[in-house]
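# Report on the structure
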Amino acid sequence: MNLPPHLALKRPWVPGLDNYWVLHRRDPTRPLSDHERCEMLSVARRVAQALALEAHGDPECYSLLFNGARTRRTPGDHVHILLSPSLREKRRRFFWLHLKHLTRPVARLISAG
């Protein structure tokens, strides 16, 4: 995937949630300018369409979630990318995304024990 040098794409592990990526700044300590934020959202859309086409054969099978500075847990702008072939699957994936801070520790405990 061809990304601007200041952006990176990762695929975090979340139990119950496949086809989930996060587009983020390589240096989250520096806030984005308005222009850079617009660029990030444009890149996220392009990346999501490419991933959706590869996963589902349709470039429109995706959702983007971008949190403003006051409503995110971690510093730095980032965009969540969820691929879903249907509205029902989108709802399921957002449910698991909502629970990720509960399911990750429990899954780690189970796999360690």
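The text that follows walks through the structure, step by step, so that each part is easy to find.

Attention now moves to the overall build of the protein chain. Within the protein chain, the secondary structure is distributed over three helices and four strands. When the helices and strands of the protein chain are read in sequence order from the N terminus, they spell out β-β-α-β-β-α-α. Its C-alpha atoms give the protein chain a radius of gyration of 15 Å, within 12% of the compact-globule value 13 Å for 113 residues. C-alpha extents for the protein chain along the principal axes are approximately 45 × 35 × 25 Å. Across the 113 residues of the protein chain, 39% fall into the buried class. Long-range contacts, defined as pairs at least 24 residues apart, comprise 52% of the intrachain contacts of the protein chain with a sequence gap of at least 6. If the 19 positive side-chain charges of the protein chain are averaged to one point and the 10 negative ones to another, these points end up 7 Å apart.

Once that is clear, we can look at the nonpolar core. With 16 residues, the main nonpolar core has Leu23, Met40, Ile81 and Leu83 as its most contacted residues. Secondary structure elements with two or more residues in this core: β2 (20–25), α1 (34–56) and β4 (78–83). The element contributing the most residues to this core is α1, with seven residues. One finds Leu17, Tyr20, Val22 and Leu82 within the second-largest nonpolar core, a separate group that totals six residues.

With that settled, the discussion passes to the sheet that holds β2. Read from one edge to the other, the open sheet built from four strands follows the order β1-β2-β4-β3, with strand pairing classed as antiparallel. At either margin of the open sheet sits one strand with a lone partner, and together these are β1 (7–10) and β3 (62–66). Strand-to-strand twist across the sheet, computed as the mean angle between neighbouring axes with direction ignored, equals 20°. Looking at chain direction, β3 and β4 are connected through five bridges and run antiparallel. Across the sheet, residue Leu65 finds its bridge partner in β4, namely His80. Along the sheet, α1 contacts β1, β2, β3 and β4; its crossing angle with β4, the most-contacted strand, is approximately 20°.

Parameters at a glance
- Residues numbered from 1 in each chain as written.
- Predicted model: local features only at pLDDT ≥ 70, side-chain atom pairs only at ≥ 80, totals over all residues.
- Heavy atoms only, no water.
- Helix = DSSP H or I, 4+ residues; strand = E, 2+ residues; numbered from the N terminus.
- Rg over C-alpha atoms; globule rule 2.2 N^0.38 Å.
- Buried < 20%, exposed > 50% of the residue type's maximum accessible area, 1.4 Å probe, protein only.
- Contact = heavy atoms within 4.5 Å.
- Lys, Arg positive; Asp, Glu negative; His and termini not counted.
- Charge placed at Lys NZ, Arg CZ, Asp CG, Glu CD.
- Core = buried A, V, L, I, M, F, W, Y, C linked by side-chain atoms within 4.5 Å.
- Pairing = 2+ DSSP bridges.
- Axes fitted to C-alpha atoms, helices over the stretch in contact; angles between N-to-C directions.

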